[in-house]
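These are the residues of each chain, in order.
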Amino acid sequence: MESPRIVCDPKILMGKPCLAGTRISVELILDKLGRGDSIDDIVQDYPHISREGVLAVLRYAAETFRTGKVA
């Protein structure tokens, strides 16, 4: 899945999917949501990301499960 908001760069976090322009991994956002943090909590903790960025993480995760492909 290609998403301008989610990137995999081997130079950043060993290639883990991250929000573009950050070192915040998809894994971190999903973990925080899974522990009960709200989108607003995450944006407050990381003000350089947006609500749309967190939603892009959720779409990326859903597409990854649907296709079985990590981009």
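The preceding data block contains the structure.
**Q** Residues and numbers for unusual backbone geometry, please.
**A** If you check the backbone angles, L13 has positive phi at about 50 degrees while not being a glycine. Locating L13 in the fold gives a position in the loop between strand 1 (6–8) and strand 2 (17–19). Phi at M14 is positive, roughly 55 degrees, even though this residue is not glycine.

**Q** Can you break down the state of the cysteines residue by residue, with the values?
**A** A covalent bond between the sulfur atoms of two cysteines is referred to as a disulfide. Enumeration over the complete set of coordinates arrives at zero disulfides. C8 takes part in no disulfide bond, and the closest cysteine sulfur to it belongs to C18, at a distance of 7.5 Å. C8 gets classed as partly exposed once you look at its relative accessible area, which sits at 33%.

**Q** Talk me through helix 3 (residues 51–67); I want residue IDs and the actual numbers.
**A** Over its 17 residues, helix 3 extends 24 Å from the first C-alpha to the last, a length consistent with the 24 Å expected when each residue adds 1.5 Å. The elements touched by buried residues of helix 3 are strand 1, strand 2, helix 1 (26–34) and helix 2 (39–45). Note on helix 3: the residue one or two positions beyond its end, G68, has a positive phi of about 75 degrees.

**Q** Outline the packing of helix 1 against helix 3, listing residues and values.
**A** Helix 3 packs onto helix 1 with a crossing angle of 100 degrees between their chain directions and a minimal axis gap of 10 Å. In this view, helix 1 runs roughly perpendicular relative to helix 3, as classed from their interaxial angle. Contacts from V26, I29, L30 and L33 of helix 1 reach helix 3 at V54, V57, L58, Y60 and A61.

**Q** An account of the environment of T22 is needed here, citing residue identities and associated values.
**A** With respect to the element layout, T22 can be found in the loop between strand 2 and helix 1. Overall, T22 belongs to the buried group, its relative accessible area being 11%. For the pair T22 and D40, spaced 18 residues apart in sequence, the C-alpha separation works out to 18 Å. The contact partners of T22, leaving out residues within four places of it in the chain, are I12, H48 and I49.

**Q** Lay out the environment of R59 with the relevant residues and their values.
**A** Looking at the secondary structure, you find R59 in helix 3. Judged by relative accessible area, which is 48%, R59 ranks as partly exposed. The spatial distance from the C-alpha of R59 to the C-alpha of S3 is 9.4 Å, given a sequence separation of 56 residues.

Conventions we followed
Residues numbered from 1 in each chain as written. Predicted model: local features only at pLDDT ≥ 70, side-chain atom pairs only at ≥ 80, totals over all residues. Heavy atoms only, no water. Helix = DSSP H or I, 4+ residues; strand = E, 2+ residues; numbered from the N terminus. Disulfide = S-S within 2.5 Å. Buried < 20%, exposed > 50% of the residue type's maximum accessible area, 1.4 Å probe, protein only. Expected span 1.5 Å × (residues − 1). Contact = heavy atoms within 4.5 Å. Axes fitted to C-alpha atoms, helices over the stretch in contact; angles between N-to-C directions. Parallel < 35°, antiparallel > 145°, perpendicular 65-115°, else oblique.

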